[in-house]
Amino acid sequence: MQDIQKKVYHKNRFYQAPHTLKQNPNETKFSDVFSLIESKVNIIKSYVELDNLVIFINKDEVLNTFLFIKEISFDILSEMSAIHLSDDSFEVFYQLLSMDKKLRLRVKTHTKDCIDSISHIYRNALWSEREAYDMFGIKFNNHKALKRILMPDDWSGHPLRKDYPLHGDLSAQWYEIDKIFGEEYRDVVGPENRDSSYINPKDTFNFAHMGFEVAKGEQVSSVLHDITYQENKGVFVVTKFDKSKELTKRR
């Protein structure tokens, strides 16, 4: 039960997008660039997808790879992040752009724990690597200031890992109460509510109840009113849509 959040349960419930076309790089406009990179880098797997050349490399090849591809004009690192996989490893990906060649390159690699920093090659990686460390716990060797960037410094855990509790753990539940009021006020204030869809049906100060509206602060009504957010006969140019259609199957 400990790894229950790592499992995917939606396979039979939602529409699954078809895989996008993957082409052999040698049969595309990337053939020259791919041959050049292949001559210097040990590429594990490669293809062209959605007008991006995608290459997979071993994590030990990261520094040599990025030093070389910057030499051949892929000088803009536009995005860098990671995915926590079900086998507890991370797929780290880097998106690059060559303004000179007008080509996009995506570099992917895998790691279990740490990887070399490329922040001395691409300066904006300083921020992206800190974010990946903060959200996933991936350590970047030789990073100048590898510390949290989104979460508080004393936060426990890394929120984008698949094993991170979705509803927060005990320290998360009391984090702001303890910081603002002090731990001794837990019984006075009560735990934080971290459910973004929470609505208190008896609270007319903070919530409006569609169809049951009353003046702010008055007792909740049990009488359903007409929904007044649409004009009954439609508004100018827009015709009121009063027909419904039930979908019986997915595409």
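Check the entry above for the structure.
Basis of the calculations
Residues numbered from 1 in each chain as written. Predicted model: local features only at pLDDT ≥ 70, side-chain atom pairs only at ≥ 80, totals over all residues. Heavy atoms only, no water. Pairing = 2+ DSSP bridges. Helix = DSSP H or I, 4+ residues; strand = E, 2+ residues; numbered from the N terminus. Patch = residues over 30% accessible without salt bridge, like charges linked within 9 Å, V, L, I, M, F, W, Y side chains within 5 Å. Areas by Shrake-Rupley, 256 points an atom, 1.4 Å probe, with all protein chains shown as cover. Salt bridge = Lys/Arg side-chain N within 4 Å of Asp/Glu carboxyl O. Buried < 20%, exposed > 50% of the residue type's maximum accessible area, 1.4 Å probe, protein only. Core = buried A, V, L, I, M, F, W, Y, C linked by side-chain atoms within 4.5 Å. Contact = heavy atoms within 4.5 Å.

Draft legend 1. Spatial organisation of the pairing of strand 5 (residues 103-111). Looking at chain direction, strand 2 (residues 52-57) and strand 5 are connected through four bridges and run parallel. Each residue of the ladder has a partner; that of I55, found in strand 5, is V107. One ladder, built from nine bridges, connects strand 4 (residues 90-98) with strand 5; its direction is antiparallel. Paired with L97 across the bridge in strand 5 is R104. Hairpin connection from strand 4 to strand 5: four residues lie between these consecutive antiparallel strands, with K102 at a positive phi of about 60 degrees.

Draft legend 2. Representation of a nonpolar patch on the surface. A surface patch of nonpolar side chains, amounting to about 500 Å² of accessible area, comprises I180, F181, Y185, V188 and V189. On the accessibility criterion, I180 (60% relative accessible area) is exposed.

Draft legend 3. Structural view of the nonpolar core. With 36 residues, the main nonpolar core has I37, F66, I69, Y94 and L96 as its most contacted residues. Secondary-structure elements contributing two or more residues to this core are helix 1 (31-40), strand 1 (43-49), strand 2, helix 2 (62-71), strand 3 (76-84), strand 4, strand 5 and helix 3 (125-136). Look past the residues within four positions of Y94 in its chain and what remains in contact with it is V62, F66, L77, E79, M80, L105, R106, V107, T109, I115 and I118.

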